[in-house]
Amino acid sequence: MNALLFAPSGGGKTVNSTLVKADKRKKNVLICTDNSSIVLKNFERPNLDIVDVHTAKDFVDTYHRCCDEKKYDNIILDNLSDLFDMWILEMAEDPKAAKDVRQHYQIVYQALKRLTRESTAAESNTIFTCWSDIQQITLPDGSQVQRMQPKLPYKILDNVCGLMNVVGLVTSAMDGDKKRWYYALEGSQTLMAKDQIGCRKSCLPENLFTL
């Protein structure tokens, strides 16, 4: 199974994605591009491996290696928005790359769609994280609303989200004096979300792949 979790920068994506239950192999791994794994020093995650990567190739190669090792229940890819930006920058700096910048974008679009499709067949669960974006959309009746959605290029947004079993917003609410984190999974005109696993409106982070 796979999932895409999104929130604004600092909105709890990294911390909460590492809470997802690892029932079979008792082990998760976080592959991180944006240095956000540093926040995990503030929490105990004894069953979590962390791999910081600094190039797009390392990111993809590490994901494939973790899939092949078959030692993790959940592979967390943190984060897809930053991976896109990093990949485009690398293409621009590569002297062997095409001079036409439009080709750079097309290559990265296809690579991200391929990575997403690969996750649908992986033995381990794959959790993608993204920053959030707010877009103005026009409804069938002509009215306009603002929708919160993952921060991904418009040309691949539907491709990526369409291949996910779960798309959820990382959010929180106060329970007395304590903040409780959860994933909002019910899509609406103002929120891009879905849950093919259990048609849930929301779930706790640890129950992302369990009912």
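Look up: the structure comes first, before these words.
Now for a description of the structure that goes with this document. No experiment lies behind these values; they were computed from the predicted model shown.

### Observations regarding helix α3 (residues 80–93)
Item 1. End to end, α3 covers 20 Å across 14 residues, agreeing with the expected 20 Å (1.5 Å per residue, within 8%).
Item 2. Buried residues of α3: Leu 80, Ser 81, Asp 82, Leu 83, Phe 84, Met 86, Trp 87, Ile 88 and Met 91, and no others.
Item 3. Its side-chain oxygen at 2.9 Å from the backbone nitrogen of Ser 81, Asn 79 defines the N-terminal cap of α3.

### Observations regarding the pairing of strand β2 (residues 28–32)
Item 1. With five of five residues buried, β2 is to be regarded as a mostly interior element.
Item 2. The alternating pattern of β2 places Asn 28, Leu 30 and Cys 32 on one face and Val 29 and Ile 31 on the opposite face, and all of these are buried.
Item 3. Examined bridge by bridge, β2 and strand β3 (residues 48–52) share five bridges and lie parallel to one another. Bridging across to β3, Leu 30 finds its partner in Ile 50.

### Topic: the packing of aromatic side chains
Item 1. If you walk through the whole model with that rule in mind, you get three aromatic pairs.
Item 2. One aromatic cluster is present, built from ring pairs that chain together Phe 84, Tyr 105 and Tyr 109.

### Quick look at the pattern of salt bridges
Item 1. Taken as a whole and judged by the stated rule, the model has eight salt bridges.
Item 2. One salt bridge connects Arg 65 with Glu 69, and the closest N-O pair in it is separated by 3.0 Å. Placement of the pair is Arg 65 and Glu 69 together in helix α2 (residues 56–69), with a separation of four residues, close to one helical turn.
Item 3. Residue class for Arg 65 comes out partly exposed when judged on its relative accessible area of 39%.

### Points about the side chain of Arg 45
Item 1. On the secondary structure map, Arg 45 appears in the loop between β2 and β3.
Item 2. Despite its burial, Arg 45 remains without a salt bridge, the nearest opposite charge being carried by Glu 44 at 7.9 Å.
Item 3. Within the local environment of Arg 45, its side chain forms a polar contact with the backbone oxygen of Val 15, the two atoms lying 3.2 Å apart.
Item 4. Apart from the residues lying within four places of it in its own chain, the contact partners of Arg 45 are Val 15, Thr 18 and Leu 19.

### Section: the nonpolar core
Item 1. With 42 residues, the main nonpolar core has Leu 4, Ile 75, Leu 80, Leu 83 and Trp 87 as its most contacted residues.
Item 2. Ranked by residue count, the leading element in this core is α3, at seven residues.
Item 3. Among residues more than four places away in sequence, those in contact with Trp 87 are Ala 56, Val 60, Val 108, Ala 111 and Leu 112.
Item 4. Counting residues in each nonpolar core, the second largest holds 18 residues, with Ala 7, Val 15, Ile 76 and Cys 203 among its members.

### Comments concerning the environment of Asp 85
Item 1. With respect to the secondary-structure elements, Asp 85 resides in helix α3.
Item 2. Residues Asp 85 and Cys 32 lie 53 residues apart in sequence; the distance between their C-alpha atoms is 14 Å.

### Some words on the packing of α3 against helix α4 (residues 101–121)
Item 1. Closest axis-to-axis distance for the α3/α4 pair is 10 Å, and the angle between their directions is 140 degrees. In this structure, α3 meets α4 at a crossing whose hand is right-handed. Residues Leu 80, Leu 83, Phe 84, Trp 87, Ile 88, Met 91 and Ala 92 of α3 pack against His 104, Tyr 105, Ile 107, Val 108, Tyr 109, Ala 111, Leu 112 and Leu 115 of α4.
Item 2. Residues belonging to the contact of α3 with α4 are distributed by class as follows: 14 nonpolar, one polar and no charged.

### A closer look at the environment of Asp 68
Item 1. Looking at the element boundaries, Asp 68 is found in helix α2.
Item 2. By relative accessible area, Asp 68 is classed as exposed at 62%.
Item 3. Taking the C-alpha atoms as reference, Asp 68 lies 37 Å from Gln 135; in sequence the two are 67 residues apart.

### Thoughts on unusual backbone geometry
Item 1. Residue Asn 79 is bonded to the preceding Asp 78 through a cis peptide linkage, with omega at 0 degrees.
Item 2. Residue placement: Asn 79 occurs in the loop between β4 (74–78) and α3.
Item 3. For Lys 26, which is not glycine, the phi torsion reads 60 degrees and is therefore positive.
Item 4. Relative to the helices and strands, Lys 26 is located in the loop between α1 (13–17) and β2.
Item 5. The exposure class assigned to Lys 26 is partly exposed, which follows from its relative accessible area of 48%.
Item 6. A positive phi angle, near 70 degrees, is found at Asn 35, a position not held by glycine.
Item 7. With respect to the helices and strands, Asn 35 occurs in the loop between β2 and β3.

What counts, and where the lines are drawn
- Residues numbered from 1 in each chain as written.
- Predicted model: local features only at pLDDT ≥ 70, side-chain atom pairs only at ≥ 80, totals over all residues.
- Heavy atoms only, no water.
- Helix = DSSP H or I, 4+ residues; strand = E, 2+ residues; numbered from the N terminus.
- Expected span 1.5 Å × (residues − 1).
- Buried < 20%, exposed > 50% of the residue type's maximum accessible area, 1.4 Å probe, protein only.
- Polar contact = N/O pair within 3.5 Å; in protein donor to acceptor, adjacent residues only side chain to side chain.
- Pairing = 2+ DSSP bridges.
- Phe/Tyr/Trp six-rings, centres within 6.5 Å; stacked < 30°, edge-to-face > 60°.
- Salt bridge = Lys/Arg side-chain N within 4 Å of Asp/Glu carboxyl O.
- Lys, Arg positive; Asp, Glu negative; His and termini not counted.
- Contact = heavy atoms within 4.5 Å.
- Core = buried A, V, L, I, M, F, W, Y, C linked by side-chain atoms within 4.5 Å.
- Axes fitted to C-alpha atoms, helices over the stretch in contact; angles between N-to-C directions.
- Left-handed = near helix turned anticlockwise from the far one by under 90°.
- Nonpolar A, V, L, I, M, F, W, Y, C, P; charged D, E, K, R; others polar.

Bear in mind that shape data such as this cannot, by itself, settle questions of function.
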